[in-house]
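Here is how the chains run, residue by residue.
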Amino acid sequence: MASSSFAFTRVLHWIIAVTAIGALASGYGLTQSDAFALSLLRLHIALGMTAGLLTALRVVTWLKDGPPPPVFSIRSRVQVRISRWVHGLLRLAPLVLLASGIGMVALSGSMPAIVEGTLPGLSDFEPLPPRRLHHAAALGLALLVGLHALAAGWHTLHQARPRTN
């Protein structure tokens with residue numbers, strides 16, 4: 001993989017991370033507030049769409065150019081397998097969230113009300129089948145992001161320590 005392609009995937013990684021975490025936080029805020037905030041829903045949709053579409057772009061880039069080189073060297077077969085699963089699910093979850101979010105908006109027919117600013121709340125989304133998938137995928141993504149961050153921190157500390165015999 002060329003260094004410019006590698007740099008592109010690194011930048012894409014961080015943009016996806018920031019927008020996905022923002023979408024998770026704003027989505028969580030929407031479920032916790034008694035007073036519905038249309039501006040928070042719009043922010044959630046914008047961040048979620050950005051994270052999902054950029055994830056799709058990253059998957060296409062990965063399929064075209066192959067996976068990016070690992071940041072950390074991993075020697076354990078168990079760690080390699082866990083890393084592959086976590087990274088695969090980190091690519092899948094935003095796509096599931098994108099599809100289920102679009103599905104909720106489409107099935108509810110709420111896009112005109114969201115755009116016009118007349119949506120009274122989220123009650124139209126409650127009975128829709130994609131809602132449970134959306135919430136489950138959001139929880140899964142939050143857990144995966146946490147696991148990914150912990151692993152990166154562990155590898156950073158582990159590889160930075162001098163080895164003693």
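Residues numbered from 1 in each chain as written. Predicted model: local features only at pLDDT ≥ 70, side-chain atom pairs only at ≥ 80, totals over all residues. Heavy atoms only, no water.

1. So, a nonpolar patch on the surface
Note the cut-off: Residues enter patches when their relative accessible area tops 30% and they take part in no salt bridge; the joining distance is 9 Å for like charges and 5 Å for the nonpolar side chains Val, Leu, Ile, Met, Phe, Trp and Tyr. Note on areas: Shrake-Rupley, 1.4 Å probe, and residue coverage restricted to the protein chains presented here. Salt bridge criterion: a side-chain nitrogen from Lys or Arg within 4 Å of a carboxyl oxygen from Asp or Glu. Starting at the N terminus, helices and strands are each numbered in turn, a helix being any DSSP run of H or I of at least four residues and a strand any DSSP run of E of at least two.
On the surface, Met49, Leu53 and Ile102 cluster together into a nonpolar patch covering about 260 Å² of accessible area. In this fold, Ile102 is placed in helix α3 (residues 77–108).

2. Some thoughts on the layout of surface pockets
Rolled over the atoms, a probe with the dimensions of a water molecule shows which regions are left empty. Here is the rule we go by: Definitions used throughout: a 1 Å grid over protein atoms alone; a cavity as a set of points that fits a 1.4 Å probe which cannot get out; a pocket as an open set with protein on both sides within 12 Å along at least five of seven lines; a lining residue as one with an atom within 4 Å of a point. Grid points are joined across faces, edges and corners, and a volume is the space filled by probe spheres set on the points. Under the scheme applied, nonpolar residues are Ala, Val, Leu, Ile, Met, Phe, Trp, Tyr, Cys and Pro; charged residues are Asp, Glu, Lys and Arg; polar residues are all the others, including Gly.
In this model, the largest pocket occupies a volume close to 1400 Å³. Forming the boundary of the largest pocket are 41 residues, of which Ser83, His87, Leu90, Arg91 and His148 lie nearest the centre. If you tally residues by element for the lining of the largest pocket, the top one is α3, at 13 residues. The residue makeup of the lining of the largest pocket, split by class, is 28 nonpolar, nine polar and four charged. In this structure, the second largest pocket spans a volume of roughly 890 Å³.

3. As for helix α2 (residues 38–65)
Going by this rule: By this rule the span expected of a helix is its residue count minus one, scaled by 1.5 Å. Burial classes follow relative accessibility: with a 1.4 Å probe on protein chains only, a residue under 20% of its type's maximum area counts as buried, one over 50% as exposed, and anything between as partly exposed.
For α2, which comprises 28 residues, the first-to-last C-alpha distance of 40 Å matches the rise-based estimate of 40 Å (1.5 Å per residue) to within 8%. Listed in full, the buried residues belonging to α2 are Leu38, Leu41, His44, Leu47, Ala51, Gly52, Thr55, Arg58, Val59 and Thr61.

4. Section: the pattern of salt bridges
Using the criterion set out here, one finds two salt bridges in the structure. A salt bridge links Asp65 to Lys64, with the shortest nitrogen-to-oxygen separation between them at 2.9 Å. Among the salt bridges present, the one from Arg131 reaches Glu126, with a minimum N-O distance of 3.5 Å. According to the relative accessible area criterion, Arg131 is buried, its value standing at 17%.

5. Examining the packing of α2 against α3
To keep things clear, this is the line we draw: To get an axis, fit a line to the C-alpha atoms, keeping to the stretch in contact for a helix; angles then go from 0 to 180 degrees between the N-to-C directions. For this classification, under 35 degrees means roughly parallel, over 145 means roughly antiparallel, 65 to 115 means roughly perpendicular, and everything else is oblique. Crossing handedness: left-handed means the near helix sits turned counterclockwise from the far one by under a right angle, and right-handed means the same turn made clockwise. What makes two residues a contact is simply this: any of their non-hydrogen atoms within 4.5 Å.
Put simply, α2 and α3 touch, their axes get as near as 8 Å, and they point 135° apart. Between α2 and α3, the angle is such that the two are oblique. Crossing geometry of α2 relative to α3 is assigned as left-handed. Mapping the contact onto sequence places Gly48, Met49, Ala51, Gly52, Leu53, Thr55, Ala56, Arg58, Val59 and Trp62 in α2 and Arg91, Pro94, Leu95, Leu98 and Ile102 in α3. Taken together, the residues that form the contact of α2 with α3 break down as 10 nonpolar, three polar and two charged.

6. A closer look at the environment of Ser39
Inspection of the secondary structure puts Ser39 in helix α2. On the accessibility criterion, Ser39 (56% relative accessible area) is exposed. With 107 residues separating them in the primary sequence, Ser39 and Gly146 have C-alpha atoms 27 Å apart.

7. Looking at the packing of aromatic side chains
Aromatic ring pairs: the centre-centre distance and the angle between the two ring planes describe each pair. Under the convention used in this document: Classification of ring pairs rests on two measures: the distance between centres of Phe, Tyr or Trp rings, Trp counted by its six-membered ring, which must be within 6.5 Å, and the angle between planes, read as stacked under 30 degrees, edge-to-face over 60 and tilted in between. When the NZ atom of lysine or the CZ atom of arginine is within 6 Å of a ring's centre and also within 35 degrees of its normal, the charge is said to sit over that ring.
Throughout the structure, instances matching the rule amount to zero aromatic pairs. Positioned above the aromatic ring of Trp62 is the side chain of Arg91, whose terminal nitrogen or guanidinium carbon lies 5.4 Å from the ring centre.

8. So, α3
We count it as follows: Nitrogen and oxygen atoms within 3.5 Å of one another constitute a polar contact, given that in protein one can donate a hydrogen and the other can accept it, and given that sequence-neighbouring residues count only through two side-chain atoms.
A rise of 1.5 Å per residue sets the reference length of α3, with its 32 residues, at 46 Å; its end C-alpha atoms lie 46 Å apart and thus fit the reference within 8%. Where α3 begins, the capping side chain belongs to Ser76, and its oxygen is found 3.3 Å from the backbone nitrogen of Val78. Gly109, located one to two residues past α3, shows a positive phi value of around 65°.

9. Observations regarding the side chain of Thr9
Following the sequence through the fold, Thr9 ends up in helix α1 (residues 3–32). Those residues in contact with Thr9, other than ones at most four positions away along the chain, are Arg58, Thr61 and Pro68.

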